[in-house]
Amino acid sequence: MANITKKVSWSSRGDEGTPLLNGCEARRESSAGGAVFQIGRLSTVDLEEEMMSDEDSVRGRPKEIPHNEKLLSLKYESLDYDNIENQLFLEEERRMSYMGFRCLEISRWVVCGLIGFLTGLIACFIDIVVEQLAGIKYQVVKENIERFTEVGGLSISLILWAVLNSIIVMAGAIIVAFFEPIAAGSGIPQIKCYLNGVKIPRVVRLKTLVVKVCGVICSVVGGLAVGKEGPMIHSGAVVAAGVSQGRSTSLKRDFKIFEYFRRDTEKRDFVSAGAAAGVSAAFGAPVGGVLFSLEEGASFWNQMLTWRIFFASMISTFTLNFFLSIYHKNPGDLSNPGLINFGRFENDSVAYYLYEIPLFIAMGAIGGLLGALFNVLNYWLTIFRIRYVHRPCLQVMEAMLVAAVTATVSFTMIYFSDDCQPLGPEHTEEYPLQLFCADGEYNSMATAFFNTPERSVRSLFHNQPGSYNPLTLGVFTLTYFFLACWTYGLAVSAGVFIPSLLIGAAWGRLCGILLATISATGSIWADPGKYALIGAAAQLGGIVRMTLSLTVILVEATGNVTYGLPIMLVLMTAKIVGDYFVEGLYDIHIKLQSIPFLHWEAPATSHWLTAREVMSSPVTCLNKVEKVGTIVDTLSNTSTNHNGFPVVVQGAPSEEPAKLCGLILRSQLIVLLKHKVFVELARSRLSQRKLQLKDFRDAYPRFPPIQSIHVSQDERECMMDLSEFMTATPYTVPQDTSLPRVFKLVRALGLRHLVVVDDENRVVGLVTRKDLARYHLGKHGLEELQLAQT
C-alpha cells in the first residue's frame, strides 16, 4: 500500500503520525433508513474549543489563534456549477423557442459589454484620483524638502512624509479591517477560488467593491509597496457578478432584467469576463486578460465564452482610454496602453541577439530563486499575522507602521545617496528632487522611491543608460524586496504585480549595467532597459508562477512583440525553479486560508483509493413524499448542516431498502417551505399558484436561513412532494470507483454532490468537494487533511 499519512500539528505540539482512515474496516450501524455502511468517516477538529483552552491557560499574554496548513476549513461551501435539471427547469427549456435562445445569447453579449464598460470606468476613476492625490502629496513633500535642504531641519520633512503616508494608509486600513475584511489584499486568490467552485463569503458584494476601490487608492497614494492590478481584477469580478443578475441585493433594487442568469453556472462565466476586463484595464492587454482568466482563474471554459470575454476586455480597455483621453484634454487619442503605463519599446536598437538567450534563462533562474525566497518569507509572515495580528485595531496599527517605515526607509535611501544625474530637457521624472546635488542635477534614488510604483517601473524601463549607478539599483532592490514582502498581506487593498515588476526591473537593469561594464562591446547590446524588462518578467514569474498569460500581458503592455520568445523562456525558467522550492504566492495564500481548492488533477499516487474510502457516510436521505416536520428538523440540525439530500423511494415490499431516485438542495427545500408547497394545501386550494423557477431565482443567492421560516405544528404534519423539484437524474458512481475518476467527475462537471451507490442503486455515501480536497501530496507521500470547525 502506498505511503500515506495524516498529521495534525498545532504551533505548540509536535507532529503525530496517525493512520489514514479512522476505522478502515466497514461497520454497520442501524438507522431509520436501514443498515448503512460507515466507512472512512471524517474526523473534525473544533478550533473554537482549542482557542478557549488557550485563552484560559495564558491570561495576560497576546491571544493566539492556532493555525496549521494541515487543516481544511468546513466553513466554505461549494457553488452549484451543475444545472439543477428538475421538472421546472426542463419544462422551461422545452417551452423556449430557437429565437428565445438567440435572445439569451444576445443578452450574454450585452452583459459582457456592460461589464467591460463599468470596469473601464472604475479603472479610470482609480487612475485619476490616484494621480491627483499622489501629485498633491509628493508636491507638498518636495517643496518641504527643498525648503529645509537650504536652512537645515530635514527631519521635519521626514516626519511630514511619514505622517502623511500613515494617515492616508490608516484611512484605507480602517475601512478594510472594520467594514469589509474580504477586500484586503489583491483579491486574486479569492476570485480564483470562486471560479474553482468555492463560495467565498461576501467576495462579490457591492460593499466589497466600494471598499476595494477606496482602499487601493489609499494604499497607492499612501506610498506602500503595492500596485493597482490585483484590486482591478477583483473589482471587475464584483461588477460582473452584480450586472449579470440585473439587481442589487445590497441596495434591495431589482431591475427585472437578466433573470435567467440568476444561478451559479451563468454567474461564474460572467465573473470570468469581469476578471479578464480588470486585467485588460490595468495593463491595456485584452488578449492577456483572456489568457489570465483561462490560466489563473476559470476552472471551466468553452469556445463562445472566449469570444465574450475578449469582447468585455476590449470594451474595458477602450472605455478607460477614451475617458482618460478626455481627462488629459486630448480627446480621440486612444493610444494610452492602460491603467499601468509601461511605455513602448519601439526602438530597434534594443532588440535582443541569439547569444543573449542563455543570459535571459539565467535571469529567469535568478527570478525563480528570489520569487521562492519572497514567497517563503511572506508565508511565515502571514502565519504570524493569523496567530497574533487578527484584531482589526492591530491590523490598522500594523498598516500604519509599514507606511511610516516605508517613508523612513525611502527618505534615508534618498538622503544618503550621492547618485546625481543631469536634469536634461528630455527627463521624464515627475517629481525630481535636487537635495544635495548641484544645480541642474537631480537625485537618482528619488526617481525610484519618490514616485508611484508604476512611474518608477517606467523610468527603469526607459531612462537613458547612465541614469542609475549600480549601487543605487542594488540598494533599492534589497530594500524594496523586503518592504514589498512585508506589505503583501496587510489589511489593505493591494496588488503584488507592480512591486514584483519594480524589484525585477531594478536588478534586471543592474545586470544590464554590469554586462556592459565587463564586456568591451557590451554597451552595444546590453541595453539597461531591455534587461530591466527581462528582470521584471523573471521576478513576477518567480512570485506568481504565471507563464502564457503574463507573456502576452507584458508584450501588449510594452507594445513590442519582439520580446515574446525571451519573456516566455524567462517565465518558464522562473516557474520551474520556483516550483522546486515552494508554490506560487496565490496558491500559498489559498492554502493558508484552509480553502478546499480542487486542482486540475487528483494526487498522482491516489489510484488505490476508492469512493468507499473518501465518501462521507452515513447520508441523510429524504423520501420522495416527505413529512414537513422531518424536513424542518433535518434542515435545523446544526450538527450536520448538510446542503444536499439524496431522495429515495421505497420498493413495493415495504421491507425492501429504499433506492435513489433524485437529489434536492437545502436552498430548494427552504424555498418550498417558505411558499408552503404542501400536498394538503395543494388539494384544498385548487386555485393556488404553481411554484415556478422565478420563485427560486428571486430567492437567489441569499436564501433565507431555516430559522426564519415559520412552520406551525399543524403544518409539520403535512406532506411535501419533492418529485417536481428534485434533480431526477443525479450523477452517481459505484463504491469501487477510483479516487482519480471521482475527482475528474466532480472537477470537470463542477458538481457539488456526487452520490455513491451500491449494486442495487441504494445510497451508501456522498462525495463533496471537501472529501476530495483533503487528499494531497506532501513530503511523506499522500496525506489527508483534518477538517476544522472554523
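Residues numbered from 1 in each chain as written. Predicted model: local features only at pLDDT ≥ 70, side-chain atom pairs only at ≥ 80, totals over all residues. Heavy atoms only, no water.

Explain the overall build of the protein here, please?
Within the protein, the regular secondary structure consists of 29 helices and 23 strands. Looking at the protein residue by residue over its 790 residues, the buried ones come to 55%. For the protein, the proportion of contacts with a sequence separation of at least 24, taken over those separated by at least 6, is 77%. By element, 60% of the accessible surface of the protein is carried by carbon and sulfur atoms, the whole surface being about 33300 Å². (Helix = DSSP H or I, 4+ residues; strand = E, 2+ residues; numbered from the N terminus. Buried < 20%, exposed > 50% of the residue type's maximum accessible area, 1.4 Å probe, protein only. Contact = heavy atoms within 4.5 Å. Areas by Shrake-Rupley, 256 points an atom, 1.4 Å probe, with all protein chains shown as cover.)

When you look at the state of the cysteines in this model, what are you seeing that I'm missing?
Between two cysteines, a covalent bond joining their sulfur atoms is known as a disulfide. With the rule as written, the count across this model stands at one disulfide. At a sulfur-sulfur separation of 2.0 Å, the disulfide partner of Cys420 is Cys437. Between Cys420 and Cys437, the disulfide has an S-S torsion of -80° and is therefore left-handed. Here Cys437 lies in the loop between strand E11 (420-422) and strand E12 (441-443) and Cys420 lies in strand E11, a separation of 17 residues in the sequence. Look at Cys420 and you get partly exposed, because its relative accessible area is 26%. Cys437 gets classed as buried once you look at its relative accessible area, which sits at 7%. (Disulfide = S-S within 2.5 Å.)

Whenever I open this one, the pattern of salt bridges confuses me. Can you help?
Charged atoms that come close allow side chains of opposite charge to pair. For the coordinates displayed, the defined rule picks out 30 salt bridges. One salt bridge in this structure joins Lys770 and Glu77, with 3.9 Å as the shortest N-O distance. Of this pair, Lys770 sits in helix H29 (residues 769-773) while Glu77 sits in strand E7 (residues 77-78); the two residues are 693 residues apart in sequence, bridging distant segments of the chain. When its relative accessible area of 11% is taken as the criterion, Lys770 is described as buried. A salt bridge links Glu180 to Arg202; the nearest nitrogen and oxygen atoms lie 3.1 Å apart. (Salt bridge = Lys/Arg side-chain N within 4 Å of Asp/Glu carboxyl O.)

What exactly am I supposed to notice about the sheet that holds strand E13 (residues 622-623) here?
Neighbouring strands of a sheet are bound in pairs by backbone hydrogen bonds; such pairs are parallel or else antiparallel. As summarised here, the arrangement of the three strands in space is E13-E15-E16, forming an open sheet in which the pairing is mixed. The two strands at the open ends of the sheet, each matched to only one other strand, are E13 and strand E16 (659-665). Pairing analysis gives two bridges linking E13 to strand E15 (residues 644-649), with the strands arranged parallel. Within the sheet, the bridge partner assigned to Leu622 lies in E15 and is Val647. Packing against the sheet, helix H24 (residues 666-674) makes contact with E13, E15 and E16, and its axis sits at approximately 75° to E16. (Pairing = 2+ DSSP bridges. Axes fitted to C-alpha atoms, helices over the stretch in contact; angles between N-to-C directions.)

How should the environment of His599 be read in this particular structure?
When you line up the elements, His599 lands in the loop between helix H21 (585-592) and helix H22 (611-614). Between the alpha carbons of His599 and Ala773 there is a distance of 8.5 Å; along the sequence they are 174 residues apart. Excluding residues that lie within four positions of it along the chain, His599 makes contacts with Phe743 and Arg747.

Teacher, can you tell me more about the nonpolar core here?
Note on soluble globular proteins: their nonpolar side chains tend to be buried together. Counting residues in each nonpolar core, the largest one holds 143 residues, and the members touching the most others are Ile414, Phe497 and Ile567. For Ile567, the contacting residues outside a window of four places in its chain are Leu533, Ile534, Ala537, Thr551, Leu554 and Val555. (Core = buried A, V, L, I, M, F, W, Y, C linked by side-chain atoms within 4.5 Å.)

Explanation requested: the sheet that holds strand E18 (residues 732-734) in the structure shown.
Judged by pairing direction, the sheet is mixed, and its three strands sit side by side in the order E18-E19-E20 without closing on themselves. Strands at the two margins of the open sheet, each flanked by one partner only, are E18 and strand E20 (763-767). Averaged over all neighbouring strand pairs, the angle between strand axes comes to 30°, with direction disregarded. Summarising the sheet, strand E19 (residues 754-757) and E20 pair through four bridges and their orientation is antiparallel. Each bridged residue has a counterpart across the sheet, and for Leu754 the counterpart in E20 is Val767. In this fold helix H28 (residues 739-749) packs onto E18, E19 and E20, with an angle of close to 150° to the strand it touches most, E19.

How should the packing of helix H3 (residues 98-151) against helix H4 (residues 154-179) be read in this particular structure?
Axis angle and axis distance: for two packed helices, these are the angle between their axes and the distance between the axes, and together they describe the pair. Put simply, H3 and H4 touch, their axes get as near as 8 Å, and they point 165° apart. Of the possible angle classes, the one that applies to H3 and H4 is roughly antiparallel. For the pair H3 and H4, the sense of crossing is right-handed. Contacts between H3 and H4 involve Lys137, Val140, Val141, Asn144, Ile145, Phe148 and Thr149 from the former and Leu154, Ile156, Ser157, Leu160, Trp161, Leu164, Asn165 and Ile168 from the latter. Residues that form the contact of H3 with H4 fall into these classes: ten nonpolar, four polar and one charged. (Parallel < 35°, antiparallel > 145°, perpendicular 65-115°, else oblique. Left-handed = near helix turned anticlockwise from the far one by under 90°. Nonpolar A, V, L, I, M, F, W, Y, C, P; charged D, E, K, R; others polar.)

Hey, could you run me through the confidence of the model for the protein in this one?
Low pLDDT means the predicted coordinates in that region are not meant to be read closely. Within the protein, residue pLDDT values average 84, and 85% of them lie at 70 or more. Across residues 1-62 the pLDDT falls below 50, and counting only partners more than four positions away or on other chains, this stretch makes 112 contacts in the model. (pLDDT = per-residue confidence, 0-100.)

Before we go on, may I ask you to explain the packing of aromatic side chains in this structure?
Where two aromatic rings form a pair, the distance of their centres and the angle of their planes describe that pair. Enumeration over the complete set of coordinates arrives at 27 aromatic pairs. Residues Tyr379 and Trp380 carry aromatic rings whose centres are separated by 5.0 Å and whose planes lie at 75° to one another, so their mutual orientation is edge-to-face. Note on Tyr379: relative accessible area 16%, which makes it buried. Given the relative accessible area of 55%, Trp380 is considered exposed. Over the ring of Tyr81 we find Arg268; its NZ or CZ atom is 4.8 Å from the centre of that ring. (Phe/Tyr/Trp six-rings, centres within 6.5 Å; stacked < 30°, edge-to-face > 60°. Lys NZ or Arg CZ within 6 Å of the ring centre and 35° of its normal.)

Whenever I open this one, a nonpolar patch on the surface confuses me. Can you help?
A contiguous nonpolar surface patch, about 360 Å² in accessible area, is contributed by Leu373, Leu377, Leu478 and Phe482. Of all elements in the fold, only helix H11 (357-388) and helix H15 (470-487) reach the threshold of two or more residues within the nonpolar patch. Along the chain, Leu373 turns up in helix H11. (Patch = residues over 30% accessible without salt bridge, like charges linked within 9 Å, V, L, I, M, F, W, Y side chains within 5 Å.)

Looking at this model, I keep getting lost on the pairing of E15. Mind explaining?
Look at any regular strand and the pattern is simple: side chains alternate between the two faces of the sheet. With five of six residues buried, E15 lies mostly within the body of the structure. As judged from the six bridges shared by E15 and E16, these two strands associate in the antiparallel manner. Note on E16: the bridge partner recorded for Val648 is Leu660.

Help me out: how do you make sense of the environment of Cys218 in this one?
Mapped onto the elements of the fold, Cys218 is located in helix H6 (residues 206-221). Relative accessible area serves as the criterion here: at 16%, Cys218 is assigned to the buried category. Between the alpha carbons of Cys218 and Ser493 there is a distance of 8.4 Å; along the sequence they are 275 residues apart.

Please clarify how unusual backbone geometry should be interpreted in this entry.
Outside of glycine, negative phi angles account for most residues, and trans bonds account for most peptide bonds. The omega torsion across Ser617 and Pro618 is -5°, close enough to zero to call that bond cis. Following the sequence through the fold, Pro618 ends up in the loop between H22 and E13. Here the residue pair Tyr700 and Pro701 is connected by a cis peptide bond, since its omega of 0° sits within 30 degrees of zero. Secondary-structure assignment places Pro701 in the loop between helix H26 (693-699) and helix H27 (713-716). Residue Lys256 is not a glycine yet carries a positive backbone phi of 60°. As for its placement among the helices and strands, Lys256 is situated in the loop between strand E10 (253-254) and helix H8 (264-283).

Sorry if this is basic, but what is going on with the packing of H8 against helix H10 (residues 303-327) here?
Close contact between H8 and H10 brings their axes to 8 Å; oriented N to C, the two are set at 40°. As H8 packs across H10, the resulting crossing turns out to be right-handed. Of H10, the residues touching H8 (which contributes Asp269, Ser272, Ala273, Ala276, Ala277, Ser280 and Ala281) are Leu305, Ile309, Ala312, Ser313, Ser316, Thr317 and Leu320. For the contact of H8 with H10, the residue count by class is eight nonpolar, five polar and one charged.

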